[in-house]
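Survey of secondary and tertiary structure
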Amino acid sequence: MNAIETHDLTKYYDKLCAVNHLTLSVDNEIFALLGPNGSGKTTTVMMLTTLLRPTEGSAAICGHDVVREGEAVRKRLSYVPQDMAVDIKLTGRENVLLFARLYGINNPKDKTDEVLGIMELSDRADDLIRTYSGGMRRRLELAQALVHEPEVLFLDEPTIGLDVAARKKIWEHIRQLRKNGMTIFVTTHYMDEADRFCDRVGIISHGKIAALGTPTALKAELEKDVVTAQVSVIPKGPVTIEGVRCVGQQGSEITFTAENGREAMPLIARALEGEGVTVTSLSMREPTLDDVFLHAVGTAEDAGAFDYQQFRTMLRRRK
Amino acid sequence: MNGIKEYITRDMIKWLRSPVSVVSMLAMPAAWLIFVGLALPVTFTGNYLDFIVPGILVMTMLSSSLNGGTLLMFDKILGFLNKFLALPTPRESILFGKILFITIRGAIQATIILVIGILIGATILPLAQYGMIYLILLLFGFLMSACATTIALYLGDHDSYSAFNTMISMPLFFTSSALMPYDVMPGWLSTIAHFNPLSYAIDAVRAAETGTIPLIQIGLLALLGGIVIAICMQMFRRVTV
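Calculation criteria
- Residues numbered from 1 in each chain as written.
- Chains lettered and ligands numbered in written order.
- Predicted model: local features only at pLDDT ≥ 70, side-chain atom pairs only at ≥ 80, totals over all residues.
- Heavy atoms only, no water.
- Helix = DSSP H or I, 4+ residues; strand = E, 2+ residues; numbered from the N terminus.
- Rg over C-alpha atoms; globule rule 2.2 N^0.38 Å.
- Buried < 20%, exposed > 50% of the residue type's maximum accessible area, 1.4 Å probe, protein only.
- Contact = heavy atoms within 4.5 Å.
- Areas by Shrake-Rupley, 256 points an atom, 1.4 Å probe, with all protein chains shown as cover.
- Buried area = accessible area lost by both parts, 1.4 Å probe.
- Salt bridge = Lys/Arg side-chain N within 4 Å of Asp/Glu carboxyl O.
- Polar contact = N/O pair within 3.5 Å; in protein donor to acceptor, adjacent residues only side chain to side chain.
- Nonpolar A, V, L, I, M, F, W, Y, C, P; charged D, E, K, R; others polar.
- Pairing = 2+ DSSP bridges.
- Axes fitted to C-alpha atoms, helices over the stretch in contact; angles between N-to-C directions.
- Expected span 1.5 Å × (residues − 1).
- Parallel < 35°, antiparallel > 145°, perpendicular 65-115°, else oblique.
- Left-handed = near helix turned anticlockwise from the far one by under 90°.
- Domains from an automatic or database assignment.

1. Focus on the overall build of chain B
Along chain B, the regular secondary structure elements total 10 helices and zero strands. Each helix (α) and strand (β) of chain B, taken in turn from the N terminus, gives the series α-α-α-α-α-α-α-α-α-α. Compactness check: chain B gives a C-alpha radius of gyration of 18 Å against a globular reference of 18 Å for 241 residues, within 12% of the reference. In terms of overall dimensions, chain B has C-alpha extents of about 60 × 35 × 35 Å along its principal axes. Out of the 241 residues in chain B, the part that is buried amounts to 53%. A separation of at least 24 residues holds for 78% of the contacts in chain B among residues at least 6 apart in sequence. Approximately 10,200 Å² of chain B is accessible, and the part contributed by carbon and sulfur atoms is 74%.

2. Looking at the interface of chain B and chain A
Facing 24 residues of chain B, the contacting portion of chain A comprises 28 residues. A combined buried area of about 2,400 Å² lies between chain B and chain A, and 63% of that area is made up of carbon and sulfur atoms. The largest contributions to the chain B side of the interface with chain A come from R17, K83 and P88 of chain B, which together make up 28% of the buried area. Our enumeration of links across chain B and chain A arrives at four salt bridges. Linking E94 of chain A and R17 of chain B is a salt bridge whose minimum nitrogen-to-oxygen distance equals 2.8 Å. One can count 10 residue pairs in polar contact (both at pLDDT 80 or more) joining chain B with chain A. At the level of elements, α1 (4–16), α4 (80–85) and α10 (215–240) of chain B are the ones that each hand at least two residues to the side of chain B that touches chain A. For the side of chain B that touches chain A, the residue count by class is 11 nonpolar, six polar and seven charged.

3. Focus: the sheet that holds strand β14 (residues 279–285) of chain A
Residue and element names in this part refer to chain A. One open sheet holds the four strands; their spatial order is β12-β13-β11-β14, and the pairing between them is antiparallel. The sheet is open, and its two borders are formed by β12 (244–250) and β14, each paired with just one other strand. Within the sheet, the average angular offset between the axes of one strand and its neighbour, ignoring direction, is 20°. In the packing of helix α9 (residues 261–274) onto the sheet, contacts are made with β11 (225–231), β12, β13 (253–258) and β14, and the angle to β14 comes to roughly 155°.

4. Re helix α3 (residues 48–77) of chain B
Residues and elements named next belong to chain B. With 30 residues, α3 ought to run about 44 Å at 1.5 Å a step, and its terminal C-alpha atoms sit 44 Å apart, in line with that. Structurally, the start of α3 carries an N-cap: the backbone nitrogen of L49 is 3.2 Å from a side-chain oxygen of N47. Positive backbone phi, at 95°, marks G79, one or two positions downstream of α3.

5. Thoughts on the packing of α1 of chain B against helix α5 (residues 92–119) of chain B
All names here are of chain B. Two elements in contact, α1 and α5, have axes whose closest approach is 8 Å; the angle formed by their N-to-C orientations is 45°. In terms of orientation, α1 lies oblique with respect to α5. Crossing geometry of α1 relative to α5 is assigned as right-handed. Contacts from I4, Y7, I8, R10, D11, M12 and W15 of α1 reach α5 at S93, I94, F96, G97, K98, L100, F101, I104, R105, I108 and Q109.

6. Side note on the sheet that holds strand β7 (residues 152–156) of chain A
Within a beta sheet, neighbouring strands are joined by backbone hydrogen bonds and run either parallel or antiparallel to one another. All names here are of chain A. The strand order across the open sheet built from six strands is β6-β7-β8-β3-β9-β10, with neighbouring strands paired in mixed fashion. One side of each edge strand has no neighbouring strand; the edge strands of this open sheet are β6 (77–80) and β10 (208–213). Within this sheet the neighbouring strands show an average axis-to-axis angle of 15°, counted without direction. Two elements, strand β9 (residues 200–205) and β10, share five bridges in a ladder whose sense is antiparallel. Bridge assignment links G202 to a residue of β10, and that residue is L212. Contacts from helix α1 (residues 41–48) reach β3 (30–34), β6, β7, β8 (183–188) and β9, with the element oriented near 150° to β8. Here helix α8 (residues 215–222) sits on the sheet in contact with β9 and β10, set at roughly 100° to β10.

7. Brief notes about the domain arrangement of chain A
Domain annotation of chain A identifies domain 1 (4–218) and domain 2 (225–286). The C-alpha centroid of domain 2 of chain A is placed 39 Å from the C-alpha centroid of domain 1 of chain A.

So this is what it looks like as structure tokens:
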């Protein structure tokens, strides 16, 4: 029995399909759901944490159905939403103790001390949250989530808005929890973090899984080199070159993928020159998760060009 | 108590740690008590302060309830509600904790107003009568805080709710029996006042002060409270699934 099991999980907001027949199983690993804004990441997490009712399909946490056995599911999971909701007028200890008591665990005070210690917040435990930094607030939320020793931990954008050092610390804690046997389900759009810290990633686009596997396998699957061209002016139309795929454009940088980068580079240069574009430099590298992502969800432009009106509808419904 | 106590404790600490909100919510009823209760030249009663105290106590409960309507709405907007809903604790505890907290907070404020009233000359009553008065105030508090919470959840944003709050609170107070007895009112006002739930509570408190048990008003408040809490639970379920 896997910790998280979904089968054709689907969610419609009116006519907008936010999550489309998602089938996944996650167990004893750090699993990252990657996707552009509005791709259905948060909706998925909310269905798995019993905060939203699926339109179709099913999902189970530790064998318990999220619709029929809501309470059993909630007993086994912890959920840290991306909003950073901690009471700033309460101390760190009071914030954690509240959750310890709400979970109804035995000796809540000792457990509170313990998790504050794990999250390295003991010496600031009696200060008001008002005085905490963003990273400390996030760690406090992790402490709240850990008081009842959940089997599955859901983290929605755990490192959003944090500085590099704070992010690294959060990930170290998450890795440690995973080592102790917890299943961790995160959503993020930081590719480098998913690449470095997660065991397996699923790339979601328009509510569907577009790629699934370990970061290494996904990069290897691309079997391609990434060629980046610095150009003086942006070509007007799309550049079509046989055997080369244009995957994105950012500022004066155009990115291509090709089976053999070395052979593709002169072709790219010639094609661009033919369009009247001066190439100032060309470089080649191994693919990163960014390239896997762009390959899976389309070009950078496509990823951004979602329907704003539909996105508003979804946000409104999700609240 | 399945989490209700914890939710109340959380709100209580947050409230007590913001002295400005504790004092500011008392300023309006205290001002009415002192500047109107002591100063208004009325001819229908010898001790106007004694007449107005029940109205001001109910007003205190009303403003605490209306202000409290925003609490659950903000928990929802700021993401606390989602965290609480993902807990194995019964979900209704969130709602009942909120309604109880708002009511208890109102009762604490009403107590302070009552003490101020006594200090400036209101008649001291036997203990049993105070017990009856508190029962009425608590019933009224449940009714109004469930009402305010439902409307705030329905409206969903702070601006709309505070507009609603401003619109409703004063007219509700002026069209009740808080400031004058029915026989002094103009006919049209007396008709409105008879249908105003504030009047039920105020009349009940006045009756309790004379030593009678106002069964009809208590029954009406309990019935209305039951209906509103049922609607409120329905609204809560609608916004949480």
